[in-house]
Amino acid sequence: MSYQFPRKRTFMPAEQPGKPIALGIDAGGTQTRWALASRDEQILASGTAAGLTALQTDNAEGMEDLRQIFAGLAATASSHGHVCSIRAGITGFGGDAHTLPDLLAECFAMPQSHISVSNDIEIAFLDIFKPGAGYLIYAGTGSIAAYIDENHVFHRAGGRGYLLDDAGGGFWIAREAMRSLWRAEDEHPDHWKSSEMAKRLFKLIGGNDWNLSRDFIYHRSRGDIGKLALAVAAAANSDPAAMAILHDAGKELARLGVAMCSRFGNKPIALSGRVQELHPAIVESLRQNLPPEISLRQSTCQAHFSAARLAARQLKKINDEQDQP
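Rules and cut-offs
Residues numbered from 1 in each chain as written. Predicted model: local features only at pLDDT ≥ 70, side-chain atom pairs only at ≥ 80, totals over all residues. Heavy atoms only, no water. Pairing = 2+ DSSP bridges. Helix = DSSP H or I, 4+ residues; strand = E, 2+ residues; numbered from the N terminus. Axes fitted to C-alpha atoms, helices over the stretch in contact; angles between N-to-C directions. Contact = heavy atoms within 4.5 Å. Core = buried A, V, L, I, M, F, W, Y, C linked by side-chain atoms within 4.5 Å. Buried < 20%, exposed > 50% of the residue type's maximum accessible area, 1.4 Å probe, protein only. Polar contact = N/O pair within 3.5 Å; in protein donor to acceptor, adjacent residues only side chain to side chain. Salt bridge = Lys/Arg side-chain N within 4 Å of Asp/Glu carboxyl O. Phe/Tyr/Trp six-rings, centres within 6.5 Å; stacked < 30°, edge-to-face > 60°.

(A) Looking closely at the sheet that holds strand S1 (residues 20-27). The five strands are arranged S3-S2-S1-S4-S5 in an open sheet whose pairing can be described as mixed. Either end of the sheet is taken by a strand with one partner, and the two such strands are strand S3 (43-50) and strand S5 (115-118). With direction set aside, neighbouring strand axes in the sheet form an average angle of 15 degrees. By the bridge criterion, seven bridges tie strand S2 (residues 31-37) to S3 in an arrangement that is antiparallel. Looking across to S3, one finds that Ala35 is bridged to Ser46. Against the sheet, helix H3 (residues 120-128) engages S1, strand S4 (82-90) and S5, with an angle of about 100 degrees to S4.

Quick look at the structure:
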């Protein structure tokens, strides 16, 4: 059950100084990226904030963290103009269609009708493909494949969250590495001293004591744990165990693309997200595990810019309606 607001607030159109602007938000577990756009879709400013997920709406502590992040964005945006439209893509967003829009409306003092929230992958897809044109495999902290068909219906493969799957994503890579490390220690104590991957992981965690690993894995955020994938990638050229994990990550991402092709037919595939930047072995493995007739390209997704432009179109629509007699 999602957190419920203690009271309902209704906002009238605010009469605040500054030109009307639109805000785009692309929020993931590791980082939140934002951009501001003018009514004519020109990007005015952009930046980053702490990572967040829709799962944080499940408790009061998570809601307070979200409120602080959104309030910080509102304060930053106010130096550029008056935010009158918001398009947000937030990882984990699904069943609850009101809590996050309510919170954004509260923090930005604007009507909820001027706010559109979806999962982050929808905006990422629209930044790369037109509906019906291809499949997006997105691998960041988590992993998912997305397809928006010609009727604008959203379809997915994977993206079930780190407890169930998200195979091939940064968290999964980190978890597989830590699992491999500690299994090796079970069988051969101090094996880590001869493992480049283990040494790099322990350096990030703070030491080789199990208590440090336990506290890191069970008490740190999903995004923090996902960053351990950087150590796996850095060790891969000299550590066969690390390289094997990266090859498996590519194979898991390919499975998502194959699932989409089996359901909707062969179409071009685009890979996006920061996992592709970790090491070339991931993309090579992905290509090898896709049918040869399926084209694959890499894309540097700028979903926060896309979200800002979508919000700008909504802003123009709002202004046009207000101008009508």
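Here the narrative resumes.
(B) Local environment of the nonpolar core. Counting residues in hydrophobic clusters, the biggest one holds 67 residues, and the most contacted among them are Ile173, Leu201, Val232 and Leu253. If one sorts the elements of this core by residue count, helix H9 (residues 240-264) sits on top with eleven residues. Judged by nonpolar contacts, the second largest core, of 30 residues, contains Leu23, Leu73, Val83 and Leu104.

(C) Local environment of the environment of Pro280. Take Pro280: it is sitting in helix H10 (residues 280-288). Of the residues examined, Pro280 reaches a relative accessible area of 52% and is grouped as exposed. Spatially, the C-alpha atom of Pro280 lies 20 Å from that of Arg175, the residues being 105 residues apart in sequence.

(D) Fine view of the side chain of Asn119. Within the secondary structure layout, Asn119 lies in the loop between S5 and H3. At 3.1 Å, the side chain of Asn119 and the backbone nitrogen of Ile121 are in polar contact. In terms of polar contacts, Asn119 uses its side chain to reach the backbone amide nitrogen of Glu122, at 3.1 Å. Not counting residues up to four positions away in its chain, the partners in contact with Asn119 are Gly89, Ile90, Phe93 and Phe154.

(E) Focus on unusual backbone geometry. Of note in the backbone geometry, His152 takes a positive phi value of approximately 65 degrees without being a glycine. Turning to its location among the elements, His152 is positioned in the loop between strand S7 (143-148) and strand S8 (154-158). Here Asp190, not a glycine, exhibits a phi torsion of approximately 70 degrees, which is positive. Considering the arrangement of structural elements, one finds Asp190 in the loop between helix H4 (170-187) and helix H5 (196-205).

(F) Fine view of the pattern of salt bridges. All told, the structure shown has twelve salt bridges when counted by the stated rule. The shortest N-O distance in the salt bridge between Asp127 and Arg309 comes to 3.7 Å. Here Asp127 is found in helix H3, whereas its partner Arg309 is found in helix H11 (residues 303-323), with 182 residues between them in sequence. Here Arg255 and Asp165 are joined by a salt bridge, their closest N and O atoms 3.8 Å apart. Here Arg255, found in helix H9, pairs with Asp165, found in the loop between S8 and H4; they are 90 residues apart in sequence, far enough to count as distant.

(G) Representation of the environment of Ala229 within the structure. Within the secondary structure, Ala229 sits in helix H8 (residues 229-235). On the accessibility criterion, Ala229 (2% relative accessible area) is buried. In this structure the C-alpha to C-alpha distance between Ala229 and Val275, which are 46 residues apart in sequence, comes to 8.5 Å. For Ala229, the contacting residues outside a window of four places in its chain are Gly170, Ile173, Ala174 and Leu278.

(H) Just the packing of aromatic side chains, in detail. Within this structure, the stated rule accounts for seven aromatic pairs. Relative to Phe202, the ring of Trp192 has its centre 5.6 Å away and its plane inclined at 85 degrees; by these criteria the two rings are edge-to-face. Of the two residues, Trp192 is situated in the loop between H4 and H5 and Phe202 in helix H5; the sequence distance between them amounts to ten residues. Taken together, the ring pairs connect Trp182, Trp192, Phe202 and Trp210 into an aromatic cluster.

(I) Structural view of the sheet that holds strand S9 (residues 269-272). Taken together, five strands build an open sheet; the order of strands is S8-S7-S6-S9-S10 and the sheet is mixed. For this open sheet the edge positions go to S8 and strand S10 (296-298), each flanked by a neighbour on one side alone. Direction aside, neighbouring strands of the sheet carry axes that sit 25 degrees apart on average. As paired elements, strand S6 (residues 135-139) and S9 share four bridges and run parallel to each other. From the neighbouring strand, Leu136 faces S9, where its bridge partner is Ala270. Across the sheet, H9 lies against S6, S7, S8 and S9, angled at about 140 degrees from S8, the strand it touches most. In the packing of H10 onto the sheet, contacts are made with S6, S9 and S10, and the angle to S10 comes to roughly 165 degrees.

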